[in-house]
Every structure is written in C-alpha cells, then in structure tokens.
Amino acid sequence: MAHLTINETAVPLDQHGYLANLQDWTEQIAVEFARLENIVLTSAHWEVVHFVRQFYLEFNSSPAMRILVKAMAQQLGPDKGNSKYLFMLFPQGPAKQATRIAGLPKPAKCL
Amino acid sequence: MARFGLLLTCNGFANQNLASVMLFARAALNKGHEIDHLFLYQDAVYSVAAHTDLPADEPDLASELAQFCQQHAIALLFCITAAEKRGVVSDIRPARAGYIAAGLAEFAMRQVNIDKLVQF
Amino acid sequence: MRNILVIQQHSPFNSSKGREALDLILAMAAVEHNVSVLFSGDAVYQLLSSQDHVDFKLKAYPRSFKLFALYDIEHVYVCQHALQQRGIEAHDISIRAKVLDKTDIALLLARQHQVITS
C-alpha cells in the first residue's frame, strides 16, 4: 500500500493517493498533499480545506463540486461560493484537490 | 408517440431483466416509439464486465443488448462509479464493447429528453 | 425539469441499495429536478439513528440524508403503514419527513413524471 512519510512515520494512502484513514489527518499532512498537488497553501486555501473537512464530518460524504459551491456560498458568501474562486485556488479541480488535502476519500467520479 | 428511457438496476445474469428490456425495447420501437437511453445502475452494471465466460448453450444477453442498442442508435450507458466499486471495470479492465461509461449526472440530465422511464 | 420520485424500499442493515439510491437522489436534485423521496417497507429503518453506531459495518449513509436540505429536496415522505408494521413512532425518525397514508401515497405517485424504486 502506498503511503506518505511525515516525520519519518508512514501514513497509509488509498490506491488513488488519498488518505486511507480519515482520522490520520493533520495540518502537516495537508501541507504535504498540497506540495504533491503543486499548491502553496494560503489562508484562503486553508479556509476551503477546513470547510470540506467539516462538510465531510457533518454529512459523511465528500462534497461534489456543485454542492461545494452552494454550501460555501451559503456559509461564506457569494465571493467565495463560486467555481471561479475555487478553481483559482485549486486549478486541477476543487472537489478533487481540496478533498485530498483535507484527508477525505476521493469524491465519486459520476456526480 | 412516446420517448422512453430504460433503467436497469438488477444483475442481468441472475435475473431476466436483460431479456425483458430487449423485448420491451423491440416492441416499443415496432410501435413507432423512441428510446433515448438505456442506463445500467446498481447490480445491473455486472453486464458491463468484458471477461464473463458463458458456455455456448447459454444466451449472451449482455452482448445481444449491445448489438441491439447499436443497431437502433440507443445510448447504452452505465454508471462508472457503480461499476468500479464492483470491480467490473478499472484502469486495466475496459468495459464490454458497446457499453459507454457515464455518470448519474448524465442519467439525471437525460430525464428531460423522455416522457416515460421504465425500470427493469 | 421533471417530477421524479425515488422510492427507498430496503433496510440499511443488509445491503447498500439505499446508499446507491441516495446517490441517485442527489444526482437528480443537482440538475434541478423536482425530486421526492418516499421511504417504504424496510427502508424506514434507514431513518432510525441507530446506524450511526461504530459497529455498523456498511457505510452509514443515512447520516448523509442531512444533505437533502442543501440540495433543496423538500419532499421527503415516509409510509405510515411501514412504520406501524415495525412499531416505529414518527418521532423516532431522524430526519424531517412527512408521514403518508395509502391515499396520500397514491396522490404522490400520480404527481410524478418518473418513479424509480431501489
């Protein structure tokens, strides 16, 4: 099984390179995932990362793009709850990248 | 004349739904109706497995269905997520010829094209 | 936009049918269909909070029913007969759902363009 090495400890990953165990997540792991995604985390990124993680913990489901936009608009306002803003922060796809950095399972492909 | 969508949700080997859906589709087309799509979800995605091994005296309904849909230009779609979860398709395991990977989103959008959805 | 009803019929304890039905419900709602959900038969067990227990080994998808509000799914119903048969009181249900009798269910079905069962 693939893993991520953090402080000389191996953290297991799933076959898609996402965190295998939700509860293993730390901010340090987030920074490492971001590096692999070629993203330097700013406070704006962190806000989204914490948002999707909180979303998962509440709904037991990784948010699909459309619903991430909607939930963010409701909670943080339309300036942040729009896909342009999210794609600026996570160019390869906010649902895909932010969930990985937040230590969540990969969202379903088909939604 | 009506436009139909057809939804399959149970395992095509363990059930008669593949036979039924083809009988229904033929009858509908013969009566001049149209069929927009056929969507495989839940256990119906097992029919997408390309490596099934059937003895010669057992009907290969999954292949027949693909031929039928091709002949009549019916979109034959399956839910990629449901198929991947069941190990039916993967990066190294392509879908059976004629079956097109799609998502629930596409199925949802196609509902506006049809008058009736029939589930098998 | 279509009126689409998804009827949940299965227990959450012995299959993932309800889970895949949930994905379908959310996909329909995401493209702005007018989605209704009816919990009937053993699917009323999906509405009990007991699946949240840690020893429950299928994915605890009923927790995701809270997403209905976010997806603007307002028409959530539960079959009165199914509740009665299983001795479940309406106040035991973990989400907001309207209890329907046979006549109400017939009316609900009559309002739909499409009905999908799972």
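For clarity, every value in this text was computed on a predicted model and none was experimentally measured. (Residues numbered from 1 in each chain as written. Chains lettered and ligands numbered in written order. Predicted model: local features only at pLDDT ≥ 70, side-chain atom pairs only at ≥ 80, totals over all residues. Heavy atoms only, no water.)

We now examine the sheet that holds strand β4 (residues 100-102) of chain B. Residues and elements named next belong to chain B. Overall, parallel pairing links the five strands, which are arranged β4-β3-β2-β1-β5 in an open sheet. A single partner strand is all that each edge strand has here, and the edge strands are β4 and β5 (116-119). Across the sheet, the mean angle separating the axes of adjacent strands is 30 degrees when strand polarity is ignored. Pairing analysis gives four bridges linking strand β1 (residues 3-8) to β5, with the strands arranged parallel. Each bridged residue has a counterpart across the sheet, and for Leu-7 the counterpart in β5 is Gln-119. Packed onto the sheet, helix α1 (residues 17-30) meets β1, β2 (34-40) and β5 and runs at close to 175 degrees relative to β1. (Pairing = 2+ DSSP bridges. Helix = DSSP H or I, 4+ residues; strand = E, 2+ residues; numbered from the N terminus. Axes fitted to C-alpha atoms, helices over the stretch in contact; angles between N-to-C directions. Contact = heavy atoms within 4.5 Å.)

Core analysis: the biggest nonpolar cluster contains 120 residues, and Leu-38 and Leu-40 of chain B together with Phe-39 and Phe-68 of chain C have the highest contact counts within it. Residue contacts for Leu-40 of chain B: discarding those within four places in its chain leaves Leu-8, Val-45, Ser-47, Val-48, Leu-76, Leu-77, Phe-78, Cys-79 and Tyr-99 of chain B. (Core = buried A, V, L, I, M, F, W, Y, C linked by side-chain atoms within 4.5 Å. Buried < 20%, exposed > 50% of the residue type's maximum accessible area, 1.4 Å probe, protein only.)

This part is about the sheet that holds strand β4 (residues 98-100) of chain C. Residue and element names in this part refer to chain C. If you trace the five strands from one edge of the open sheet to the other, you get β4-β3-β2-β1-β5, paired in parallel fashion. In this open sheet, the two edge strands, each paired with only one partner strand, are β4 and β5 (114-117). Adjacent strand axes in the sheet meet at a mean angle of 25 degrees, parallel and antiparallel pairs treated alike. As paired strands, strand β3 (residues 75-79) and β4 are joined by three bridges and run parallel to one another. Along β4, the bridge assignment pairs Tyr-77 with Lys-98. Each of β1 (3-8), β2 (34-39) and β5 is contacted by helix α1 (residues 17-30), which is oriented at about 165 degrees to β1, the strand it contacts most.

Moving on to the environment of Asp-60 of chain B. Residues and elements named next belong to chain B. Checked against the element boundaries, Asp-60 lands in the loop between β2 and α2 (61-71). Separated by 53 residues in sequence, Asp-60 and Leu-7 have C-alpha atoms that sit 19 Å apart. In this structure the side chain of Asp-60 is engaged in a polar contact, spanning 2.7 Å, whose partner is the side chain of Ser-63. (Polar contact = N/O pair within 3.5 Å; in protein donor to acceptor, adjacent residues only side chain to side chain.)

Between chain B and chain C, the contact holds 18 residues from the first and 19 residues from the second. At the junction of chain B with chain C, the criterion picks out one salt bridge. Between Glu-20 of chain C and Arg-86 of chain B there is a salt bridge, with its nearest N and O atoms 2.8 Å apart. At the surface where chain B touches chain C, the tally comes to 10 residue pairs in polar contact (both at pLDDT 80 or more). The set of elements that each furnish at least two residues to the side of chain B that touches chain C consists of α3 (80-85), α4 (104-110) and β5 of chain B. Considering every element that reaches the side of chain B that touches chain C, the biggest residue donor is α4 of chain B, with five residues. (Salt bridge = Lys/Arg side-chain N within 4 Å of Asp/Glu carboxyl O.)

As a further point, take the packing of aromatic side chains. All names here are of chain C. Tallied over the full model, the rule gives nine aromatic pairs over all chains. Aromatic pair Phe-39 and Phe-65: ring centres 5.3 Å apart, planes at 65 degrees, arrangement edge-to-face. Of this pair, Phe-39 sits in strand β2 while Phe-65 sits in the loop between β2 and α2 (67-70), placing them 26 residues apart in sequence. Phe-65 shares its class with Phe-39; the two are buried. Judged by centre distance (6.1 Å) and plane angle (75 degrees), the rings of Tyr-61 and Phe-65 are edge-to-face. On the basis of relative accessible area, Tyr-61 is assigned to the buried category, the value being 2%. Taken together, the ring pairs in this structure connect Phe-39, Tyr-61, Phe-65 and Phe-68 into an aromatic cluster. (Phe/Tyr/Trp six-rings, centres within 6.5 Å; stacked < 30°, edge-to-face > 60°.)

Take the pattern of salt bridges next. Evaluation of the coordinates by the stated rule reveals 13 salt bridges over all chains. Between Lys-70 of chain A and Asp-72 of chain C there is a salt bridge whose closest N-O contact spans 2.7 Å. Pair noted here: Lys-70 of chain A is in helix α3 (residues 65-76) and Asp-72 of chain C is in the loop between α2 and β3, and the two residues belong to different chains. Assessed through its relative accessible area of 25%, Lys-70 of chain A is described here as partly exposed. Here Arg-86 of chain C ties to Asp-42 of chain C by a salt bridge, and the two come within 2.8 Å at their closest N and O atoms. In this pair, Arg-86 of chain C sits in the loop between α3 (80-85) and β4 while Asp-42 of chain C sits in the loop between β2 and α2, placing the two residues 44 residues apart along the sequence.

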